[in-house]
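Each chain is listed here by its residues.
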Amino acid sequence: MLSNLSTAAAGTRDVHSLSLRVMSRRRHPPVVLSSSSSRCHRRNHLIATRASVNTAPRGDVKHAEAKMIERDVLRMGIPSKGRMAEDTLDLLSSSQLSVKKLNPRQYAAKMPAMGDKMEVWFQRASDVVRKVRSGDFDIGILGYDMFAEFGEGADDLVVVHDALRFGECYLALAVPNYGATAGVNSLDELLAMPCWTEENPLRVVTGYQYLAKTFFENVGFENVALVAGDGALEAAPAMGSADIILDLVSTGTTLRENNLKEIEGGRVVESQGVLVANRKSLLERDGCLETVHEMLERLEAHLEAKKLFTVVANMRGSSAEDVASLVMSCDSLKGLQGPTVAPVYTPGADGKPEVNMYAVTICAQKATLYDSVKALRDIGGSGVLVSPLTYVFDEEPARWNLLLDELGMEHDPIRGKEKR
Ligand SMILES: Nc1ncnc2c1ncn2[C@@H]1O[C@H](COP(=O)(O)OP(=O)(O)OP(=O)(O)O)[C@@H](O)[C@H]1O
Ligand SMILES: O=P(O)(O)OC[C@H]1O[C@H](OP(=O)(O)OP(=O)(O)O)[C@H](O)[C@@H]1O
Ligand SMILES: [Mg+2]
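Predicted model only: the values in this text are computed from it and were never measured.

Looking now at unusual backbone geometry. With a phi angle near 50°, Ala 232 is a residue other than glycine that sits in the positive phi range. Given the relative accessible area of 62%, Ala 232 is considered exposed. Positive phi, close to 60°, is recorded for Asn 259, a residue that is not glycine. Tracing the backbone shows Asn 259 in the loop between helix H8 (253–257) and strand S12 (260–271). According to the relative accessible area criterion, Asn 259 is partly exposed, its value standing at 38%.

Here it is as structure tokens:
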């Protein structure tokens, strides 16, 4: 059956019969975000999909299969503009992976921590994902929203780190608080409105055509026309050029200021910064997997440390074991791997050092720091010192093992032999 899903130029009611319009599930077998090979993409990101997803390419564009181009260096793409650009550089710098641009107008840069192994290229987020997909870049950092939109669930793409903890936002449908949708509070209510017909489809303005198409296919709604738009989409319903919008939301201020509201069931994708890679590069390009491992470790060490404080307190006790038992009896003082308890030496009556106090060191979650301080005081802790942590290099990051699973590789290919 043909879908009524179609693209319409902004500001017109005409619904063009473009290639997007015909999307037979037989020609494009369901894969993308629900395929087993895309395990990493799926984690927590796609919220509202109800069925498997079709991979129709963007318009008529055919994506060449990623190929391995001979080169000695690895290439990484990062956003050249917009709010992700600065945050990406900040994250890399905080993870001891600073990027050095020789000249502000140049698009290529170095990452000194990686020596001559790595080139960094500044590109628009859409081009970062396109180039990682084609194999021109081996890895990239960008918002998951752009990755999902321009990556189209391609098997050539792999998510290495799905939560870099910046650029948090989500892609959601929003409807006007006025007019026909004034009383609409959920997706079901919106789609059940009798006014949307083949001749009068629901016009959705968005810059995320692939995700919109996929979303409406998944909910089985056909009387929809996608209107293309890039910025200030919130103005389109008031101008009469669209009925609703599908756009990024962060604080929700822009929606409120434009008399629009989110609806239940209308969230399409959760987004934040992600590190992505080309599958073939990881599997076949010399040094790529090792470099990605090192980057992942450095990023995780920084991101993990950002969540924690080191807390040191003095505590009276008859032995280190007694003090440790007291601390371990409190849930909020568990720390990373249990407390470190060290003797504090004070001069005794005879001038010799004696011990009746211990220094307890734990790692406390920033979010619950005050609870930890109170708990320490409750069991006799005093002189509580709190300091930031810079890096936490723990065991092998869980995301590394997930990546190896995704690549069909046995764990520990860096230290041991790779097996597939
Ligand atoms: N309001 C927001 N809050 C947080 N992150 C956002 C927000 N809007 C966008 N982002 C994230 O930042 C990325 C880049 O958005 P941004 O608007 O800064 O750049 P751009 O869209 O390339 O520039 P422009 O909007 O000027 O074309 C988005 O793809 C998304 O991942
Ligand atoms: O929920 P909020 O915190 O209000 O953020 C949401 C707004 O942020 C983005 O726009 P941006 O600032 O990038 O402007 P643009 O529309 O010109 O891209 C997005 O497209 C929304 O309009
Ligand atoms: Mg923007």
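Further remarks concern the site of ligand 1. Looking at ligand 1, the residues that line it are Lys 81, Gly 82, Arg 83, Met 84, Gly 143, Asp 145, Met 146, Gly 167, Glu 168, Cys 169, Leu 248 and Ser 250. Between ligand 1 and the protein, one listed contact pairs an oxygen atom with a backbone N or O atom of Arg 83 at 2.6 Å. Here an oxygen atom of ligand 1 and a side-chain polar atom of Asp 145 are 2.7 Å apart. Against a free-state accessible area of 610 Å², the protein chains account for coverage of 62% of ligand 1. Sorting the residues of the shell around ligand 1 by element identifies helix H2 (83–94) and helix H4 (144–151) as the ones contributing at least two each. Partitioning the shell around ligand 1 into residue classes produces four nonpolar, four polar and four charged. Formed jointly, the shell around ligand 1 draws a minimum of three residues from each of two domains, domain 1 (6–25 + 169–271) and domain 2 (63–168 + 272–304).

Another point: the pattern of salt bridges. Any two side chains of opposite charge can pair, on the condition that their charged atoms come close. Overall, the coordinates contain 15 salt bridges when judged by the stated rule. A salt bridge links Arg 267 to Glu 262, with the shortest nitrogen-to-oxygen separation between them at 3.4 Å. Residue classification places Arg 267 among the partly exposed residues on the basis of a relative accessible area of 29%. Arg 399 is the partner of Glu 300 in a salt bridge, and the nearest nitrogen-oxygen pair spans 2.9 Å. Taken together, the positions of Glu 300 in helix H10 (residues 288–306) and Arg 399 in helix H13 (residues 398–407) put the pair 99 residues apart, joining distant regions of the chain. According to the relative accessible area criterion, Glu 300 is buried, its value standing at 14%.

Turning to the confidence of the model for the protein, a few remarks are in order. Looking at the protein as a whole, its pLDDT mean stands at 84, while 81% of the residues score no less than 70. Note that residues 1–57 has pLDDT below 50 and, in this model, 143 contacts with residues that lie over four places away or in other chains. The low-confidence segment residues 416–420 (pLDDT under 50) makes 11 contacts with residues lying over four places distant or belonging to another chain.

This part covers the site of ligand 2. The environment of ligand 2 is made up of Arg 83, Gly 231, Ala 232, Glu 234, Asp 247, Leu 248, Val 249, Ser 250, Thr 251, Gly 252, Thr 253 and Thr 254. The separation between an oxygen atom of ligand 2 and a polar main-chain atom of Ala 232 is 3.1 Å. Contact distances for ligand 2 include 2.9 Å between an oxygen atom and a side-chain N or O atom of Asp 247. Of all the secondary-structure elements, those providing two or more residues to the shell around ligand 2 are strand S11 (244–249) and H8. For the shell around ligand 2, the element with the highest residue contribution is S11, accounting for three residues. Looking at the shell around ligand 2 residue by residue, the classes come out as three nonpolar, six polar and three charged.

Turning our eyes to something else, we now look at the sheet that holds strand S2 (residues 74–79). Strand order in this open sheet of seven strands is S3-S4-S5-S2-S6-S13-S7, and the pairing throughout is mixed. Of all the strands in the sheet, the pair left with one neighbour each is strand S3 (100–101) and strand S7 (157–161). Here six bridges tie S2 to strand S5 (residues 118–123), and the two strands are oriented parallel to one another. Following the sheet pairing, Pro 79 is matched in S5 by Gln 123. Where H4 meets the sheet, it contacts strand S6 (139–143), S7 and strand S13 (273–278), and its direction lies at approximately 110° from that of S6. H10 contacts S2, S5, S6, S7 and S13 of the sheet and is inclined by roughly 40° relative to S7.

Conventions adopted
- Residues numbered from 1 in each chain as written.
- Chains lettered and ligands numbered in written order.
- Predicted model: local features only at pLDDT ≥ 70, side-chain atom pairs only at ≥ 80, totals over all residues.
- Heavy atoms only, no water.
- Buried < 20%, exposed > 50% of the residue type's maximum accessible area, 1.4 Å probe, protein only.
- Helix = DSSP H or I, 4+ residues; strand = E, 2+ residues; numbered from the N terminus.
- Near = heavy atom within 4 Å.
- Polar contact = N/O pair within 3.5 Å; in protein donor to acceptor, adjacent residues only side chain to side chain.
- Areas by Shrake-Rupley, 256 points an atom, 1.4 Å probe, with all protein chains shown as cover.
- Nonpolar A, V, L, I, M, F, W, Y, C, P; charged D, E, K, R; others polar.
- Domains from an automatic or database assignment.
- Salt bridge = Lys/Arg side-chain N within 4 Å of Asp/Glu carboxyl O.
- pLDDT = per-residue confidence, 0-100.
- Contact = heavy atoms within 4.5 Å.
- Pairing = 2+ DSSP bridges.
- Axes fitted to C-alpha atoms, helices over the stretch in contact; angles between N-to-C directions.

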